[in-house]
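Architecture and fold: a report
One letter stands for each residue in the lines below.
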Amino acid sequence: MNNISFNSKRISEGYLKRPWLHKEVIEIIKRDLNITTLYQSGLDIGCGAGLSTKALKIICEKVTGTDISSEMINICKETYDDKLFNFYVAKAEETKIPEESYDIITAAGVINWIDKNLFLENTDKILGSNGIIVIYDFWITDSMIGNPEYNKWYNNKYLNKFPKPPRNENKWTKEELPYNYHILDQIEYTLSYDFSLNDFIDFMMIQSNVNVQIENNILSENEVREWMIKSLRPVWKNETETLIFKAYNWYIKKD
C-alpha cells in the first residue's frame, strides 16, 4: 500500500478521537469465532491511531500495530503503554517477520487500499498454522435514527460537495485466495453511535472524501469546517443524534 494521504498530524489526531466502535466489532468476533481464551500474539495491520489495536488487545496477550503513516505510529507511541503495545511503520504488504508467528491478524479499513496478493503473501510468512485473518470495516451511512433531514443532507449536499474517492471495494471470494487459505464466513451488520454536532463535524473532517480536498488544497480546513457548521446546524434537532454505520467482518483461516 503506497497511499499516504492519511500521513498528517491533523488526521492522526482526528483518528485518535474517532468512536471506539472497534471494541464492539471485537465482541462480535469473539462470538463468531467462539473465542474463550486469549490468543498469544496478534497483529493489527493498518492500525491508524491505535483504536483497532487497543481493541485487539481484548483477545490477545501481546499485540503489535503497523501503519504506513509515520504520523499515525507517532501518535500511537505517544498514547499507548509500550509495555502492552508495540507499534512500527510498515506497509500492509511488508510487515516484519516476528520471532514467533502471529495467531490472529486484523485489518480494519485497510483492504480498499492494498495489493491483495502481496498482502496475502506477507501474511503467509507471519501467520501461524490455523491462524486467523479478520478483515473488517465500518463506515457512515445516510441514515440517522428519526432524522430524515440528515438523509437529505448526506445525499444532496455532502456527496455533491465531497464525492467518494476511488478505491477497491470488491468482496473477496474463495476462488481468489491461495490454496492454503479459506473463508470461514463473511457477515454484514450495523452499528450505531450518538454524536453531538461538534463531535460529528470533527469526525467528518477526517473522512476520506474530505481529506482528498483538504490535502490537495482544493478547500482549506477552515472552509470545510465552516461549510459543515452552516449546512448541518438545521439538521441537528437534538443535543445528540444517532448515526447508523454499516459494517462487515471477513473471517479467513490459514491451514
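What you see is a predicted model; the values in this text were computed from it and never measured.

**As for the overall build of the protein**
Tallying secondary structure elements over the protein gives nine helices and seven strands in all. For the protein, the spread of C-alpha atoms along the principal axes amounts to about 55 × 35 × 35 Å. Across the 255 residues in the protein, those meeting the buried criterion constitute 52%. Looking at the protein alone, contacts between residues at least 24 apart form 77% of all its contacts between residues at least 6 apart. Split by element, the accessible area of the protein, about 12,800 Å² in all, is 45% carbon and sulfur. The protein carries 30 positive and 37 negative side-chain charges, and their two centres are separated by 3 Å.

**Digging into helix α6 (residues 148-161)**
With 14 residues, α6 extends 19 Å from end C-alpha to end C-alpha; this agrees with the ideal 20 Å at 1.5 Å per step. By the largest-angle criterion, Tyr 154 marks the main kink of α6, which is about 35°. Burial in α6 covers these residues: Tyr 150, Trp 153, Tyr 154 and Tyr 158. If you follow the buried residues of α6, they end up packed against β5 (127-144), α7 (197-204), α8 (208-215), α9 (221-232) and β7 (240-254).

**A word on the nonpolar core**
Counting residues in each nonpolar core, the largest one holds 55 residues, and the members touching the most others are Trp 153, Tyr 158, Phe 200, Met 228, Leu 232 and Phe 245. Per element, the largest residue contribution to this core is six residues, and it comes from β5. Setting aside anything within four residues of it in sequence, one finds Met 228 in contact with Trp 153, Tyr 158, Phe 162, Ile 201, Met 204, Val 210 and Arg 233. By size, the runner-up hydrophobic cluster in this structure holds 21 residues, among which are Tyr 102, Ile 111, Trp 172 and Leu 177.

**Focus: the layout of surface pockets**
A volume near 330 Å³ is recorded for the second largest pocket. In terms of lining, the second largest pocket is formed by 19 residues, of which the most central are Ser 41, Lys 62, Val 63, Thr 64 and Tyr 102. Looking at the lining of the second largest pocket, the elements that each hand over two or more residues are β1 (39-45), β2 (60-67), β3 (85-89) and β4 (102-108). With four residues, β2 is the single largest residue contributor to the lining of the second largest pocket. Of the residues assigned to the lining of the second largest pocket, the class counts are five nonpolar, six polar and eight charged.

**Some details on the sheet that holds β1**
Two pairing modes exist for strands in a sheet, parallel and antiparallel, and in both the strands are linked by backbone hydrogen bonds. Spatially, seven strands are ordered β3-β2-β1-β4-β5-β7-β6 in an open sheet, and the strand pairing comes out mixed. A strand with exactly one partner marks an edge of an open sheet, and here the two such strands are β3 and β6 (181-196). Strand after strand, the sheet turns through a mean of 20° between neighbouring axes, direction not considered. Bridge analysis of β6 against β7 gives 15 bridges, and the strand direction is antiparallel. Within the sheet, the bridge partner assigned to His 182 lies in β7 and is Lys 253. Contacting β1, β4, β5, β6 and β7, helix α5 (residues 116-126) runs over the sheet at an angle of about 135° to β5. Lying on the sheet, α7 is in contact with β5, β6 and β7; it crosses β6 at an angle near 140°.

**Side note on the packing of α7 against α9**
With their axes 10 Å apart at the nearest point, α7 and α9 run at an angle of 135° to one another. Comparing the axis directions of α7 and α9 gives the class oblique. The way α7 lies across α9 gives a crossing that is right-handed. Taking contact as the criterion, the partners of Leu 197, Phe 200, Ile 201, Asp 202 and Met 204 in α7 are, on α9, Arg 225, Met 228, Ile 229 and Leu 232. Residue classes in the contact of α7 with α9 are distributed as seven nonpolar, no polar and two charged.

Criteria and thresholds
Residues numbered from 1 in each chain as written. Predicted model: local features only at pLDDT ≥ 70, side-chain atom pairs only at ≥ 80, totals over all residues. Heavy atoms only, no water. Helix = DSSP H or I, 4+ residues; strand = E, 2+ residues; numbered from the N terminus. Buried < 20%, exposed > 50% of the residue type's maximum accessible area, 1.4 Å probe, protein only. Contact = heavy atoms within 4.5 Å. Areas by Shrake-Rupley, 256 points an atom, 1.4 Å probe, with all protein chains shown as cover. Lys, Arg positive; Asp, Glu negative; His and termini not counted. Charge placed at Lys NZ, Arg CZ, Asp CG, Glu CD. Expected span 1.5 Å × (residues − 1). Bend = angle between axes of the 7 residues up to and from the residue. Core = buried A, V, L, I, M, F, W, Y, C linked by side-chain atoms within 4.5 Å. 1 Å grid on protein atoms, 1.4 Å probe; cavity = no way out; pocket = protein on both sides within 12 Å on 5 of 7 lines; lining within 4 Å. Points joined across faces, edges and corners; volume = space filled by probe spheres on them. Nonpolar A, V, L, I, M, F, W, Y, C, P; charged D, E, K, R; others polar. Pairing = 2+ DSSP bridges. Axes fitted to C-alpha atoms, helices over the stretch in contact; angles between N-to-C directions. Parallel < 35°, antiparallel > 145°, perpendicular 65-115°, else oblique. Left-handed = near helix turned anticlockwise from the far one by under 90°.

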